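Chain and residue survey
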Amino acid sequence: MKTTNVADQVLKAALDLFSTQGYATTSVQQIVSAAGVTKGALYHYFTSKDDLLFAIYERMLSLQKARLDEITARGGAAVDVVRAVCEDVVVTSIDFLPEGTVFFRSQHMLTPERQKEVKRRRREYHDEFAALLVRGQAEGSFRDDVPVSVLIAHFFSDVHYLSHWYSSDGPEDKTEVARQLTELFLRSIRKET
């Protein structure tokens with residue numbers, strides 16, 4: 001599929017090659033050949049292969065953070081907001097499954113500066129999600145006998161494991177999987193009455 005945006009062509013080619021042959025073994029020349037552009041065009045948009053790997057993941061990070069902000073801005077009881085956020089992060093993670101898979105396999109190869117940037121951006125999301133859980137504890141909805149950091153790790157371990165088992169050809173679509181994983185998570189963190 002040919003796109004009209006050179007940066008998108010390069011990102012798609014990089015994603016395809018990183019997925020099939022790995023980040024470390026993919027050359028810039030292979031990326032520009034697959035994208036049908038020149039090295040000059042690639043370097044007009046991206047400073048390095050490292051920059052491409054970051055850009056692949058950055059799109060998902062930005063979208064998920066924007067959606068988190070949008071959902072929390074609507075307000076409501078913490079349990080309802082957490083439900084909406086969890087379902088959204090599962091759906092968007094499935095939508096960006098190739099990007100997430102490539103990134104999580106290769107993130108250790110990013111420069112230290114890029115790794116710090118990823119950590120900072122993920123921490124912003126984490127902190128906002130943690131605040132929702134703390135609010136739910138204050139509202140009496142969520143258990144408070146387990147540290148919030150453990151509750152977060154519990155949910156996101158399921159999200160990060162999606163690439164190992166989810167298939168769009170499977171019996172459940174992404175919306176149903178999002179509902180199921182969210183319901184399992186919410187049941188596990190509900191305060192017993």
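Report follows, based on the coordinates. (Residues numbered from 1 in each chain as written. Predicted model: local features only at pLDDT ≥ 70, side-chain atom pairs only at ≥ 80, totals over all residues. Heavy atoms only, no water.)

With respect to the overall build of the protein chain
Check the secondary structure of the protein chain and you find 10 helices and 0 strands. Reported as C-alpha extents along the three principal axes, the dimensions of the protein chain are approximately 65 × 40 × 30 Å. When burial is assessed residue by residue, the protein chain has 41% of its 193 residues classed as buried. A separation of at least 24 residues holds for 69% of the contacts in the protein chain among residues at least 6 apart in sequence. Taken as a whole, the protein chain presents about 10,300 Å² of accessible surface, with 53% of it coming from carbon and sulfur. (Helix = DSSP H or I, 4+ residues; strand = E, 2+ residues; numbered from the N terminus. Buried < 20%, exposed > 50% of the residue type's maximum accessible area, 1.4 Å probe, protein only. Contact = heavy atoms within 4.5 Å. Areas by Shrake-Rupley, 256 points an atom, 1.4 Å probe, with all protein chains shown as cover.)

Side note on the pattern of salt bridges
One pass over the full model with this rule turns up 22 salt bridges. Lys65 is paired through a salt bridge with Asp69; the nearest N and O atoms lie 2.8 Å apart. Residue Lys65 and its partner Asp69 are both found in helix H4 (residues 49-74); the two are separated by 4 residues, about one turn of the helix. The salt bridge involving Arg83 is made with Glu183; its shortest N-O contact spans 3.8 Å. Here Arg83, found in helix H5 (residues 78-95), pairs with Glu183, found in helix H10 (residues 174-189); they are 100 residues apart in sequence, far enough to count as distant. (Salt bridge = Lys/Arg side-chain N within 4 Å of Asp/Glu carboxyl O.)

A look at the side chain of Thr26
Looking at the element boundaries, Thr26 is found in the loop between helix H1 (6-21) and helix H2 (28-35). Of the residues examined, Thr26 reaches a relative accessible area of 3% and is grouped as buried. Within the structure, Thr26 has its side chain in polar contact with the side chain of Gln21 (distance 3.2 Å). In this structure Thr26 touches Leu17, Phe18, Gln21, Ile31 and Lys49, once residues within four positions along its chain are discounted. (Polar contact = N/O pair within 3.5 Å; in protein donor to acceptor, adjacent residues only side chain to side chain.)

A short note on H2
Of the residues making up H2, those classed as buried are Val28, Ile31, Val32 and Ala35. Seen end-on, H2 carries its buried residues on one side only, within an arc spanning 90°. For H2, the exposed residues lying more than 90 degrees away from the buried face are Ser33 and Ala34. Tucked into the core, H2 has its buried residues touching H1, helix H3 (39-45) and H4. (Arc of directions from axis to C-beta.)

Overview of the nonpolar core
As a rule of thumb, nonpolar side chains are buried together in soluble globular proteins. Membership of the largest hydrophobic core comes to 32 residues, with the highest contact counts inside it found for Val90, Phe129, Leu133, Phe155 and Leu162. Among the secondary structure elements, those contributing two or more residues to this core are H4, H5, helix H7 (112-138), helix H8 (148-160) and H10. In terms of residues, this core owes the most to one element, H5, which gives 9 residues. In contact with Phe155, not counting residues within four places along its chain, are Cys86, Val89, Val90, Phe129 and Phe185. Core analysis: the second largest hydrophobic core is formed by 29 residues, Leu42, Leu53, Met60 and Leu61 among them. (Core = buried A, V, L, I, M, F, W, Y, C linked by side-chain atoms within 4.5 Å.)

Scope: geometric values only; no functional claims are made or implied.
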